[in-house]
Structures are given as C-alpha cells and as structure tokens.
Amino acid sequence: MTTDTTTQGNAPGATTPGRTVLDARGVTMRFGGLTAVRGVDLTVNSGEIVGLIGPNGAGKTTFFNCLTGLYTPTEGEVRYQGQLLPPKSFKVTAAGIARTFQNIRLFANMTVLENVLVGRHTRTKEGFWSAVLRGPGFHRAEKASRARAMELLDFVGLAAKADHLARNLPYGEQRKLEIARALASEPGLLLLDEPTAGMNPQETRATEELVFAIRDQGIAVLVIEHDMRFIFNLCDRVAVLVQGEKLVEGDSATVQGDDRVVAAYLGEPLDNDPGAAEAAEVEAAEAHAGTHAGTPADPGTPADPDPAAGQQNKETDR
Amino acid sequence: MTTQTTTPKTPSPATPGGATGLIGIPPHLGRALATGGGALTVVSTFLAWTWTSAFPGDLTVYGYPGGLQVLALIGGALTALLGLASYGVKGLRWLAPAGADPAVKFAALATLATTWYTVIAISAQLGGVVNLEPGGYLAAAATLIAFLGALALPFRHPDPDPFDPDSTSWERFRHTTAQRWGTVRAAFAPGTPRPAPTLPSWAEILVIVAVLGVALTVFTYGIGTEYDELFVGFLITAGLGFAALHRSGLIAQVTEITARHQNITICGAFVAAACFPFTQTDDQYATLGVYILIFATVALGLNIVVGLAGLLDLGYVAFLGVGAYAASLVSGSQSSPFDVHFPFWAAVLVGAAASLVFGVLIGAPTLRLRGDYLAIVTLGFGEIFRITANNLDGTSGPDVTNGSNGIAGIPDLDILGFDFGTHHDVAGVTIGRFANYFFLMLLITAVVVLVFRRSGDSRIGRAWVAIREDETAALAMGINGFRVKLIAFAVGASLAGLAGTVQAHVTYTVTPEQYLFAGTTPPNSAFLLAAVVLGGMGTIGGPLIGAALLFLIPNKLQFLGDYQLFAFGLALVLLMRFRPEGLVPNRRRQLEFHEEADAPAVLGKTGA
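Thresholds, definitions, all that
- Residues numbered from 1 in each chain as written.
- Chains lettered and ligands numbered in written order.
- Predicted model: local features only at pLDDT ≥ 70, side-chain atom pairs only at ≥ 80, totals over all residues.
- Heavy atoms only, no water.
- Helix = DSSP H or I, 4+ residues; strand = E, 2+ residues; numbered from the N terminus.
- Rg over C-alpha atoms; globule rule 2.2 N^0.38 Å.
- Contact = heavy atoms within 4.5 Å.
- Lys, Arg positive; Asp, Glu negative; His and termini not counted.
- Charge placed at Lys NZ, Arg CZ, Asp CG, Glu CD.
- Phe/Tyr/Trp six-rings, centres within 6.5 Å; stacked < 30°, edge-to-face > 60°.
- Buried < 20%, exposed > 50% of the residue type's maximum accessible area, 1.4 Å probe, protein only.
- Lys NZ or Arg CZ within 6 Å of the ring centre and 35° of its normal.
- Domains from an automatic or database assignment.
- Polar contact = N/O pair within 3.5 Å; in protein donor to acceptor, adjacent residues only side chain to side chain.
- Pairing = 2+ DSSP bridges.
- Axes fitted to C-alpha atoms, helices over the stretch in contact; angles between N-to-C directions.
- Buried area = accessible area lost by both parts, 1.4 Å probe.
- Salt bridge = Lys/Arg side-chain N within 4 Å of Asp/Glu carboxyl O.
- 1 Å grid on protein atoms, 1.4 Å probe; cavity = no way out; pocket = protein on both sides within 12 Å on 5 of 7 lines; lining within 4 Å.
- Points joined across faces, edges and corners; volume = space filled by probe spheres on them.
- Nonpolar A, V, L, I, M, F, W, Y, C, P; charged D, E, K, R; others polar.

Draft legend 1. Expanded view of the overall build of chain B. Regarding its fold elements, chain B presents 21 helices and four strands. Against the globule reference of 25 Å for 608 residues, chain B gives a C-alpha radius of gyration of 27 Å, in line with a compact fold. For the C-alpha atoms alone, the extent of chain B along its principal axes is close to 80 × 70 × 60 Å. At a minimum sequence separation of 6, the contacts of chain B that also span at least 24 residues come to 76%. In chain B, which carries 31 positive and 36 negative side-chain charges, the distance between the mean positions of the two groups comes to 13 Å.

This is how it looks when you write it as structure tokens:
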C-alpha cells in the first residue's frame with residue numbers, strides 16, 4: 001500500500017480547487033410527509049476530500065442515496081462532470097460515481113477477488129455469448145480484469161487473501177475490500193459512507209492513509225463519518241447536515257468553531273437554565289479552542305461524536 | 001496488518017489417554033470384534049439365509065451370495081478392511097486418511113442395517129423367524145457383534161457441561177439428553193483428513209477413472225434393482241457406506257484430486273454415462289436412464305436460474321412444455337395443426353427459440369419483483385401455460401395444441417439416416433430405442449453443462465451471483481440487475497426448451513398434464529426445484545444426483561403408493577435440517593475451511 005502521510009496541516013493548502021466533479025443543487029428528498037433532505041447544495045472538486053457530518057438522522061445517508069441514484073431527488077438536480085445524473089444506480093456507477101455502504105454490503109459468499117471483479121462490471125462488456133464461446137477476446141478481457149483486480153487488492157493490502165470468502169474476512173478488511181470493489185469501477189468520485197465505523201484507532205489511521213492514497217490517484221472523495229478526529233484530519237472541506245439542511249460548510253477550523261454545529265451536536269442551553277452560564281462558558285472555551293484546532297494533536301473536542309451527545313440532542317428536540 | 005493463519009489440526013490417530021468408546025467394552029477388544037464381525041459377515045453371505053425362494057433374490061444357495069447378500073458382503077468387507085486399516089496394516093492405510101475409527105462405525109452400521117433389514121424382511125414376509133437358515137442367524141449375529149465392537153472404539157468425548165443445580169427436572173432432563181446426543185455425535189464425527197498425496201498426473205487420472213467406474217457400477221446397480229427390498233437395501237448400503245467413506249476422509253481426497261483435473265473429470269463422467277446403455281441388455285432400464293437424464297438436464301438448467309442468479313422459479317416446467325410442444329408441432333405428427341416436418345436440428349432451434357421467447361415474455365414483467373413475489377408470479381405463469389395448452393383445442397380457443405388430448409403420434413427421429421426408433425447393433429451390443437435417445441439426450445446435457453460452467457465463471461456469471469447475494473450492492477456496482485436477471489431467465493428457459501424437444505420424441509405424446517406444478521412423477525416444477533436444492537445449489541453434480549435420486553426413489557418404491565409425496569416431503573425436511581447445503585456442496589462452501597467448527601448456514605438465499 002502506498003502510505004501517504006499527508007496530514008491536515010498541509011493538505012488543504014496543497015490542494016488547489018480543480019474542476020467541479022460533483023455539483024448538487026437544491027437537493028430535496030421527501031418521503032410522504034417527511035422531508036429527509038431539504039435544499040442541500042454541495043460541490044466536490046477533483047482532487048478534493050469533502051466530509052459530510054451531522055448527528056444521527058440528519059439525512060446524510062439519504063443525501064448519499066440521492067447522489068448515487070438509489071433515490072431520485074424530489075427536487076433539485078445532481079450533476080456529475082456537468083452531466084445530469086441518470087436515475088438508476090447502475091447507470092450512476094457507469095458514469096463514474098462509486099460508493100461503499102454504511103453497513104457493509106459485500107457479496108459474502110464470493111471470494112475477495114470475485115468481489116473486486118464484480119466491481120469491474122461496468123468497465124468490461126463481455127456478455128453471455130462471449131462467455132459461452134470463449135473466444136480470444138474473452139480470455140484477454142478476463143485476464144486484464146483479474147490483473148487490475150489484483151492490483152487493487154494489492155493497493156488496499158488484501159492480495160494475500162484473494163481466494164478467501166469475503167464473509168470470512170475480519171471487519172476492518174471487509175471495509176477495505178468494499179473500497180477496493182468500489183475503486184474497481186474506475187470512479188472519478190468515491191463516496192464513502194462511514195468508512196471507519198466500528199474500527200479501532202489503528203484501523204482508522206490506516207483507512208485515513210488509504211483515503212489519502214486514493215485522493216492522490218486523482219479521485220475525488222466524499223466521506224460521511226461520525227469520527228470527528230478522522231474527518232477533520234482528512235477533509236479539505238466539511239459540510240454539516242442537521243435535520244436535512246446544510247448548516248455550514250467550510251474547512252475544518254470554520255466548522256469546528258461554528259456555534260450552530262456545537263449546538264446541533266450537544267443541544268442548545270435551555271432558557272432560565274441554572275447551568276446556562278457554565279454551559280455558555282464551556283462553549284465559549286471550546287469555540288475558542290476550536291479556532292486553534294489546526295493540528296492533529298488538538299483534534300477539536302467540541303464536536304466529538306459522543307453517542308450520548310447525539311442522544312441528548314434528540315431528547316432536547318422532543 | 002495481521003494475517004491470521006489457522007493451521008489445520010493434525011489428526012490424532014492415537015488414543016488419547018483415558019478416551020473410551022460409547023459402550024463399556026475395552027477398545028482393543030472392540031476393534032477386534034468390529035474387524036472380526038465384518039469378516040464373519042462376509043463369510044455368512046456365502047451361506048443360505050433362508051430355505052425358500054419365495055423371498056426374492058437368490059438367498060437359498062450355499063457357495064455364492066445373491067441379492068441382498070451382495071450388499072451385506074460389500075458392507076462386511078468394508079467394515080473388515082477399515083478395521084484392518086485402523087490397526088495400521090500396511091497397504092490399507094490409504095483407505096482412511098482421516099482416521100479409521102468413525103468410518104468403521106459407519107461401515108458397521110451400514111452392514112447392520114442392511115443385514116437386519118434383510119432378516120426382518122424375510123421373517124415378516126414369510127411369517128416368522130423359522131424361515132431363516134443358520135446363515136441368516138450368523139449374519140445377524142456377526143453384524144451385531146461388529147457394530148457393538150465399533151461402538152466401543154475410542155473417540156474424543158466432548159467436555160462435560162455441568163448443569164445448573166437450580167434447574168427443574170425437565171430442564172435437567174433436556175440438558176442430559178442434549179449432552180448424550182452430543183456424545184453420540186462426537187463418536188461419529190470425522191477427523192481432519194490429511195491432504196491428498198500428489199501423485200503423478202497419470203496416476204491421478206487413473207484414480208478418477210476408477211472412481212467414475214465405481215460410480216457407474218453403483219448407479220447401474222441401483223437402476224437395475226428388480227424388487228423393492230433390494231432397492232431399499234441398496235439405498236441403506238449406498239447411503240451409509242458413502243457416509244463411512246466420507247468419515248474416513250477418502251471422499252475429501254478424491255474431491256481434491258478431481259478438483260485438480262476438472263475438465264478430465266467432466267469428460268470422464270460423460271464417457272462413463274455413455275457406457276451406461278452398454279451395460280443394459282434390454283430397454284427396460286435404459287428407459288429409466290433417458291427419463292432421469294431429461295429430468296436432470298432440466299434441473300441443471302433450473303440451477304442457473306435458482307442456484308446462480310437466485311431467482312426462485314416455481315413454474316420452470318412450463319419451459320420444458322413449451323419446447324416439447326414447439327417440437328411436436330413441427331414434427332409432422334398427425335394431430336399437429338401444422339402440416340410440416342422439420343429436420344431435428346430445425347426442431348431444436350424452434351423449441352429453444354419458443355422457450356426463449358416465452359422466457360423473455362414472462363421474465364420481462366415479473367423480474368422487477370423480488371423474492372417471494374417472483375416465486376408466486378412464476379408459479380402462476382406455470383399454471384397459465386398448462387391451462388392455455390388445455391384450452392387451445394378448437395372449442396375454447398383456436399386449435400393449436402389439441403387440448404387435453406395433446407399432440408400424439410410424434411414420429412421417431414431420423415438423423416442422417418440413423419433411425420432412433422429401431423435398435424442397432426454396436427460392437428456386438430444391441431442399442432435399443434431408448435438407448436438411442438439416451439445418447440442424444442447426453443449431448444443436450446453436455447450442452448447444458450457447458451453453458452452452465454462457462455457462463456458461471458465469467459462476467460455475467462459473477463453478476464448473477466452478485467445479484468443473488470445482495471441486489472442493492474450489485475446495482476451500486478454498476479450491474480443492470482433487470483437485464484442480467486432477464487438473461488439468466490432466458491438462458492434457463494431455452495435450455496429447458498432444448499430438453500423438451502427431445503422429450504417430445506421420447507414420450508411420443510405431449511399433453512398438458514405432463515407439466516404440472518406438483519405431481520407424483522417427475523419432472524414437475526416442485527420436483528425440479530427439489531432436485532436442485534437436494535443436490536446442491538450452484539453445482540453441476542448436485543442437480544444430476546438429486547434428479548437421479550428423486551426419479552429412482554418413487555419409481556422403485558412402488559409400495560409407497562399414495563405416501564410418495566408425504567415421504568418426499570419428510571425427506572426434504574430432514575435433509576434441510578441436517579444438510580442444508582445439499583448432497584453436493586458448492587465449491588464456495590469448501591472455501592470455508594477456516595470456520596470448520598461453525599455449522600454452515602444455508603448457502604443460497606433463494607430469491608431473497
């Protein structure tokens with residue numbers, strides 16, 4: 001695996017905004033009376049890693065599904081490299097957007113190699129007759145696919161396990177395999193839905209390096225994540241989604257320093273609350289700290305993804 | 001990244017200190033009893049078991065075994081040989097690469113079951129044990145001794161699990177029962193086989209040839225069993241004997257060798273199958289052979305739809321019907337409204353094309369559904385085909401299919417001057433009508449196997465499996481789910497149509513009632529699906545073996561009569577409980593060697 005140890009310190013400065021890869025405008029998704037996503041705009045430029053954060057139920061995954069054709073947005077439009085996205089998820093993949101899933105969705109009873117080969121589906125075109133007749137073209141394409149798949153497995157560090165069943169891989173490797181499978185479709189934009197969920201710090205760190213390595217290949221990346229340390233290390237830009245609406249967008253420092261983000265995660269102080277003064281003090285201190293949170297050593301505690309915090313937030317909502 | 005490598009535990013052939021058998025006979029005595037009992041059984045089969053020839057099979061003669069005695073002889077010999085192998089006798093060690101003890105238990109059980117079944121059948125049929133000759137008593141005693149001896153062989157007992165002192169007596173009873181059952185299971189559990197030795201490739205091919213020869217012999221013996229008792233005995237011996245060889249680790253080694261030479265194995269299997277008609281003296285059992293082959297071929301076609309793509313199709317037999325009707329309509333039959341007589345190659349094309357069209361017509365609206373909904377809709381379409389064929393009789397609709405009378409008098413095939421209707425002499429052996437069709441059907445089977453194998457291991461085959469595993473993820477990987485599923489459906493349909501064209505000529509008559517959802521005679525949709533599930537989804541051998549069993553068992557066990565479907569259901573439930581992956585497990589299952597301890601989950605989520 002190519003280990004790129006780029007850290008947040010120099011990443012944003014190093015990246016010059018390239019051409020726009022993904023352009024979502026006013027995306028709204030309604031399910032009956034429920035509006036899960038409301039008028040969200042988001043752009044991703046080439047060579048950029050963009051993060052999407054928000055408390056549980058904020059509509060991140062719904063927004064993701066709108067980008068990948070799993071849902072067709074009720075309003076608004078999504079363009080990929082200037083082209084309006086087709087409404088079918090397999091066509092979106094063919095266009096060049098690949099994704100991973102929040103709850104791993106590998107083909108459990110296929111081998112690791114086969115999983116990646118399935119990802120090559122859109123970039124090969126051998127059909128049924130070609131498979132039955134097995135002309136020289138078939139063998140050539142199959143060989144090329146396998147070579148490319150092994151390359152990708154090598155890239156994520158799973159080459160030694162190519163013949164194992166996907167379901168027998170440990171959790172962290174399943175995540176890696178899902179990324180390799182997505183990369184096999186040769187995407188211009190990779191969407192990662194919580195790539196470090198359930199990982200220990202070492203694995204998270206490895207994933208971080210993997211994402212940088214992917215970015216260095218010229219693939220734009222959009223990440224949903226709860227792990228704030230991970231997101232603020234990784235991303236050039238972060239958008240915060242709260243209750244279906246985009247609250248704020250900007251670089252790590254801006255987002256960490258934003259009062260509304262803190263409020264969204266921790267809840268707003270109640271009026272006449274006896275602890276309000278202290279809370280405000282803490283918040284101010286945190287906001288202050290946040291403005292300096294430019295180094296990985298101080299990864300922005302205020303918006304740490306404490307499940308309890310999310311819970312509290314929900315309770316205040318009620 | 002840490003790579004976990006689990007090395008398989010080396011089999012411990014020696015008795016761990018203190019390990020005992022299931023019953024209280026000293027192990028060394030038990031081993032001697034098992035081996036001796038096996039040998040004694042072999043001797044007893046050369047004696048007379050009964051005095052009258054009223055019981056079928058030649059059990060009255062001293063000097064050579066007959067009928068069920070042959071089966072007992074095989075079981076006894078197997079027990080004795082495995083027993084000797086457990087002593088570590090040189091030259092027999094290859095018999096039990098995973099340790100002989102569990103294998104001896106199964107072999108002894110096979111012999112016991114076959115012999116006692118015979119003895120009891122004689123007593124019951126002829127009215128009392130007085131009808132047994134000394135040979136019968138000797139056989140019964142010898143097998144019992146062998147089995148008791150085998151039970152005394154040591155095994156690794158499961159760790160005792162102390163029960164909760166607070167539990168009620170019922171819970172305690174359940175606990176101890178579970179514990180005892182666990183012990184019994186452990187007594188019969190196989191060891192880990194050592195990997196197959198790498199022989200020179202000519203030797204491995206010889207092994208494959210020998211295995212195929214044994215398989216052909218077993219199959220021919222089974223198909224040629226002349227009376228119910230012999231077939232039951234055959235099932236008992238074959239089933240438990242196979243289990244014994246499986247426990248000995250021999251089957252695992254053979255599988256390893258055949259996996260190394262897949263193409264040779266498949267070609268060899270076809271050669272062995274082609275040898276089958278030469279083993280038959282008349283057409284009686286060759287008939288069974290053709291019907292089994294038709295059934296098996298259609299089941300293999302269904303395996304593409306169900307086993308690979310995971311589309312639960314409950315109306316698959318309709319495509320066989322479409323092919324058969326299409327071929328019969330252009331066959332020049334008197335009852336066909338079309339006055340044409342196509343050559344066979346054209347009829348095959350017409351049959352396959354008609355099925356293809358129907359497959360696409362039925363698939364296009366239904367394949368947008370998933371899981372259970374698809375199953376229900378295909379079930380409906382299967383029935384629609386049958387009812388339509390019934391109604392296109394000139395009164396309820398246009399006269400196409402001749403209604404419930406069907407298309408009768410379909411002439412025999414004549415390809416390049418070779419008349420399939422008459423018998424021919426090949427190398428001194430008479431090849432009858434059904435044997436002719438057997439060879440033709442074998443060609444069709446070869447086509448289906450080729451399509452299954454090649455499409456399964458390709459971009460399109462991987463897309464099918466991906467759709468079966470997780471349709472949403474497959475779509476997200478750029479697979480056009482609908483299109484890929486439609487291809488699977490259409491391919492499956494045309495392969496069934498292909499088989500249908502031959503079936504029309506074999507049966508002379510095509511009627512709607514041959515293509516039911518469920519009936520007592522295969523092929524029908526329920527039996528086809530059962531053959532796939534029973535044999536093993538996603539494999540080639542599975543549906544072939546499943547179809548052979550599902551055809552032979554109702555055909556041979558006439559005494560079951562009205563209970564056939566009941567027995568069939570019971571067998572299916574038991575199989576799903578104890579071997580959900582089917583008789584021939586998928587290659588993917590075997591890749592799970594790292595999780596040996598875990599009970600395997602069901603492989604295919606059919607349609608779900």
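Now that the structure has been shown, we can carry on.
Draft legend 2. The arrangement of the packing of aromatic side chains in detail. All names here are of chain B. Per the counting criterion, the structure on display carries 18 aromatic pairs over all chains. Taking the centre distance of 6.4 Å and the plane angle of 55° together, the rings of Tyr291 and Phe434 count as tilted. Here Tyr291 is found in helix 10 (residues 283–308), whereas its partner Phe434 is found in helix 14 (residues 433–456), with 143 residues between them in sequence. We classify Tyr291 as partly exposed; its relative accessible area is 26%. Measuring from ring centre to ring centre gives 5.9 Å for Tyr316 and Phe319, while their planes differ by 75°; the resulting arrangement is edge-to-face. Over the ring of Phe434 we find Arg433; its NZ or CZ atom is 5.2 Å from the centre of that ring.

Draft legend 3. Representation of the domain arrangement of chain A within the structure. All names here are of chain A. By domain assignment, chain A separates into domain 1 (11–96 + 187–317) and domain 2 (106–186). Contacts between domain 1 and domain 2 engage 20 residues on the former and 13 residues on the latter. Taken together, the links from domain 1 to domain 2 amount to three residue pairs in polar contact (both at pLDDT 80 or more). Looking at the side of domain 1 that touches domain 2, the elements with two or more residues in it are helix 3 (89–95), strand 7 (189–193) and helix 8 (201–216). Here the side of domain 1 that touches domain 2 takes four residues from helix 8, the largest share from any one element.

Draft legend 4. Seen up close, the environment of A:Arg175. The residue A:Arg175 is located in helix 7 (residues 171–183) in this model. The sequence separation of A:Arg175 and A:Ile104 amounts to 71 residues, and the corresponding C-alpha distance is 6.8 Å.

Draft legend 5. Structural context of the sheet that holds strand 8 (residues 220–224) of chain A. Residues and elements named next belong to chain A. Read from one edge of the open sheet, six strands run 6-7-8-3-9-10, paired in mixed fashion. Of all the strands in the sheet, the pair left with one neighbour each is strand 6 (97–99) and strand 10 (245–250). For this sheet, the mean inter-axis angle between neighbouring strands, taken without regard to orientation, is 20°. One ladder, built from four bridges, connects strand 3 (residues 49–53) with strand 8; its direction is parallel. For Val50, the partnering residue across the bridge sits in strand 8 and is Leu222.

Draft legend 6. Representation of the interface of chain A and chain B. Tallying the contact residues gives 42 residues for chain A and 37 residues for chain B. In total, chain A and chain B occlude about 3,600 Å² of area from one another, counting both sides; carbon and sulfur atoms represent 60% of this. Among the residues of chain A in contact with chain B, A:Phe90, A:His121 and A:Phe128 are the three that bury the most area, contributing 18% of the side total. Where chain A touches chain B, the interface holds three salt bridges. Between A:Arg105 and B:Asp470 there is a salt bridge whose closest N-O contact spans 2.8 Å. There are 12 residue pairs in polar contact (both at pLDDT 80 or more) connecting chain A and chain B. Contributions of two or more residues to the side of chain A that touches chain B are made by helix 3, helix 4 (112–119), helix 5 (128–133), helix 6 (136–156) and helix 7 of chain A.

Draft legend 7. Highlighting empty space enclosed by the protein. Within the structure shown, the criterion is met by four cavities of 30 Å³ or more. Estimated volume of the largest cavity: approximately 90 Å³. Of all the secondary-structure elements, those providing two or more residues to the lining of the largest cavity are helix 4 and helix 6 of chain A together with helix 15 (459–469) of chain B. Here the lining of the largest cavity takes four residues from helix 6 of chain A, the largest share from any one element. In the lining of the largest cavity, the residues fall into six nonpolar, three polar and five charged.

Draft legend 8. Spotlight on unusual backbone geometry. At A:Glu194, a residue that is not glycine, the phi angle is positive and equals roughly 50°. With a relative accessible area of 8%, A:Glu194 lands in the buried category. The phi dihedral of B:Tyr508 is positive, around 70°, even though this residue is not glycine. Inspection of the secondary structure puts B:Tyr508 in the loop between helix 17 (481–507) and helix 18 (525–535). Of the residues examined, B:Tyr508 reaches a relative accessible area of 35% and is grouped as partly exposed.

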